[in-house]
There are 2 protein chains.
Amino acid sequence: MKCRSCGARAAVEVRRHNSAFCPQCFLSYCRNQVARAIDEHKMLQRGERVLVAVSGGKDSLALWDILLDLGYDADGLYIGLGLAGYSEPSGEHARAFAAGRQAKLLEVDLPADFGYDVRTAAAADRRTPCSACGLSKRHIFDRQAVDKGYDVVATGHNLDDEAAVLLGNLLHWDLAYLARQRPVLPAGDGFPRKVKPLVRLAERETAAYCVLRGIEYQVEECPMSAGNRHLGYKDALDAIEERSPGTKAAFYHGFLERGGALGAGVAEEERKGLHPCPNCGAPTVSELCAFCRLVARAAGRPRRRLPVSSGAGL
Amino acid sequence: MKCRSCGARAAVEVRRHNSAFCPQCFLSYCRNQVARAIDEHKMLQRGERVLVAVSGGKDSLALWDILLDLGYDADGLYIGLGLAGYSEPSGEHARAFAAGRQAKLLEVDLPADFGYDVRTAAAADRRTPCSACGLSKRHIFDRQAVDKGYDVVATGHNLDDEAAVLLGNLLHWDLAYLARQRPVLPAGDGFPRKVKPLVRLAERETAAYCVLRGIEYQVEECPMSAGNRHLGYKDALDAIEERSPGTKAAFYHGFLERGGALGAGVAEEERKGLHPCPNCGAPTVSELCAFCRLVARAAGRPRRRLPVSSGAGL
């Protein structure tokens, strides 16, 4: 097959676009898709300070790399989850990337800074590990961004992620989640703006991007994700995509264009009850925010504010 | 396992209800689910004349059987599709059931009455076989019901069917189809009311129902359905249901309860442009209705009105 852009020998196929690209044109394609998503959804303005949620996996490192290449002022934040054998190499990949690109990486470590890890927190708070992890990460990214003056948090959710989350939200008709499932969530009430610039790229495209760019990333799936329902939704959509390439993109982008009626007003209604958590200041509808409750149960003690250690690249 | 209702030895498991039933209680469960769907969605009134769309498969024969048992005035209509090796035994099952229950079965035969079969019609009208078949069946059921004074057409769409159709409609965000995907479509503008009383029963439940009732049905999948996208959606949902029993029911019933905002107004808007087809009188938005166009292309001649031959049980 030939590269759609330059006619050279193609190295990466993109079936949903019925296209293939040579390495250089594929990297340009990825950057263009991110630039287009940013532009289309008004995610970022020039000069804004961006905090990239960095896990050490392919998506977050590709995102950070592309944002830097596109000229955005993007720092990273890596959160160590305390998962033996998984967290250490993930952190190393994040630090190596930051050092190589002379980029600034902030770090928070759950065991060192909060006295718990995802595995014990899940058990203590009667959540699934993915729920405890997501809660911890959302809270810490939000707080760090607000406290350190970042305008926006950028996360590496790709098209496959968003399509699978959308399927899960629709299978359960969770209108509040559907209302929030947007590529941009505006700032307000103590939350920073949050954006997902990879929504136009599939999972295998961010993997190919990292390989072609020589970015080392954590290839292993998180050891806590086995049996995760989200992965089941991904498998189901993969099977459909295999038969009808382009279905995932049509599904997700169709939702953005035509599913807007779902949950309209639900998000606004939810935000009405928000007040600052008396312990940490994060917006919450409960007496104590869910994160502070999790910390109290998992580590046996409440914490006031989040400490930050600076990692490589500073 | 023991029967949930009577404590006898269970024969049929219903995982999504975390239940099992003995044969007699399972049959009662099926009847109750149908009665509940009819009641919940105000599908039928006592004394109304019901035309059951009968294919000779498990769903339509179970539906007809249950409607008769529930005391409804239900006749059947079988449409011969002209698929060699498949249509003959399907028709035989429909006739045998009607004869056994002394019920009235109307019959229409596409090759004999309209000069085409589904296979050639699909090619001539540049449709998939499933599209040509669905169009033919919808048109003929509608016309027969209106012409013969039936109040309502009842179809055997079960929970698995509806969940798969819903998934397909959501994957493509087809708002017009979503607006119409209801267990009851009211009569109006030349259309009879249409109802789906099996929406609370899964596919394997209607199969078990027929087996336990000794109803012989067409077990083979339609030979034209290979590669049908709908079957791909069924497979995807089956895989999810296997991991999380009850997901399909939550998906479909959640849509009915909370997805109402989707496509609101679209169905009304569509009906505004309707006028009677100058050839057959069916409501259409086109110059000639899609069915008359299909017949003209497939059989090379337009037909005026639908002839009817009476089958077994009359």
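Everything quoted here is computed from the prediction, not taken from an experiment.

(A) Structural context of helix α7 (residues 159-171) of chain A. Residues and elements named next belong to chain A. Across its 13 residues, α7 extends 18 Å between first and last C-alpha, which sits within 8% of the 18 Å expected from 1.5 Å per residue. Most of α7 is tucked away: twelve of the 13 residues are buried. Residue N158 occupies the N-cap position of α7, its side-chain oxygen lying 3.0 Å from the main-chain nitrogen of D160. Remark: W173 follows α7 within two positions and exhibits a positive phi of approximately 45 degrees.

(B) Summary view of the pairing of strand β3 (residues 49-54) of chain B. All names here are of chain B. For β3, a buried count of five out of six residues is recorded, marking the element as mostly surrounded by other parts of the structure. The sheet contact formed by β3 and strand β4 (residues 73-80) spans six bridges and is parallel. Bridged to L51 within β4 is D75. Regarding topology, helix α2 (residues 58-69) serves as the crossover connection from β3 to the parallel β4, and that connection is right-handed. Across three bridges, β3 lies against strand β6 (residues 152-154) in parallel orientation. Bridging from a neighbouring strand, V50 pairs with V152 of β6.

(C) Representation of the packing of helix α10 (residues 229-243) of chain A against helix α10 (residues 229-243) of chain B within the structure. It is at 9 Å that the axes of α10(A) and α10(B) come closest, and there the two elements cross at 165 degrees. Classified by the angle their axes make, α10(A) and α10(B) are roughly antiparallel. In terms of crossing hand, the pair formed by α10(A) and α10(B) is right-handed. Here α10(A) contributes G232(A), Y233(A), D235(A), A236(A), I240(A) and R243(A) to the contact with α10(B), which in turn contributes G232(B), Y233(B), D235(B), A236(B), I240(B) and R243(B). Tallied by class, residues from the contact of α10(A) with α10(B) come to six nonpolar, two polar and four charged.

(D) Representation of the packing of aromatic side chains. Enumeration according to the criterion identifies eleven aromatic pairs over all chains in this entry. Geometrically, the ring pair formed by F114(A) and F291(A) is edge-to-face, given 5.4 Å between the ring centres and 85 degrees between the ring planes. Here F114(A) is found in helix α4 (residues 110-114), whereas its partner F291(A) is found in helix α13 (residues 290-299), with 177 residues between them in sequence. A single burial state applies to F114(A) and to F291(A), both of which are buried. Geometrically, the ring pair formed by F21(B) and Y29(B) is stacked, given 4.9 Å between the ring centres and 25 degrees between the ring planes. Taking the relative accessible area as the measure of exposure, F21(B) reaches 4% and is therefore buried. Taken together, the ring pairs connect F21(A), F26(A) and Y29(A) into an aromatic cluster.

Definitions and limits used
- One numbering rule holds for all chains: residues counted from 1, following each sequence as written.
- Labels are handed out in written order, letters beginning with A for the chains and numbers beginning with 1 for the ligands.
- Thresholds applied to this predicted model are a pLDDT of at least 70 for local features of residues and 80 or more for the giving and counting of side-chain atom pairs; totals over whole chains, interfaces and linings are not thresholded and use all residues.
- With hydrogens and water set aside, each side-chain value is computed from the structure's full complement of heavy atoms.
- Strands are runs of DSSP state E lasting at least two residues, helices are runs of H or I lasting at least four, and both sets are numbered from the N terminus onward.
- A helix's residues, less one, multiplied by 1.5 Å, set its expected span.
- Partly exposed describes any residue whose relative accessible area lies between the buried limit of under 20% and the exposed limit of over 50%, with all areas from a 1.4 Å probe on protein chains only and scaled to the type maximum.
- Here a polar contact means two N or O atoms within 3.5 Å. Within protein one must be a hydrogen donor candidate and the other an acceptor candidate, and residues neighboring in sequence count only if both atoms are side-chain atoms.
- Any two strands between which DSSP finds at least two bridges are classified as paired.
- By convention a crossover is right-handed if, when the strands point away from the viewer, the path from the first strand over the helix to the second runs clockwise.
- In this analysis an axis means a line fitted to C-alpha atoms, helices contributing only their contacting stretch, and an angle means the value between N-to-C directions, from 0 to 180 degrees.
- In this scheme, roughly parallel covers angles under 35 degrees and roughly antiparallel covers those over 145, while 65 to 115 is roughly perpendicular and the rest are oblique.
- Put simply, a crossing is left-handed when the front helix is turned counterclockwise from the back one by less than a right angle, and right-handed when it is turned clockwise.
- Should any heavy atoms of two residues lie within 4.5 Å, those residues are considered in contact.
- Amino acids are sorted into nonpolar (Ala, Val, Leu, Ile, Met, Phe, Trp, Tyr, Cys and Pro), charged (Asp, Glu, Lys and Arg) and polar (every other residue, Gly among them).
- Think of it this way: a Phe, Tyr or Trp ring, Trp meaning its six-membered ring, pairs with another when their centres are within 6.5 Å, and the plane angle makes it stacked under 30 degrees, edge-to-face over 60, tilted otherwise.

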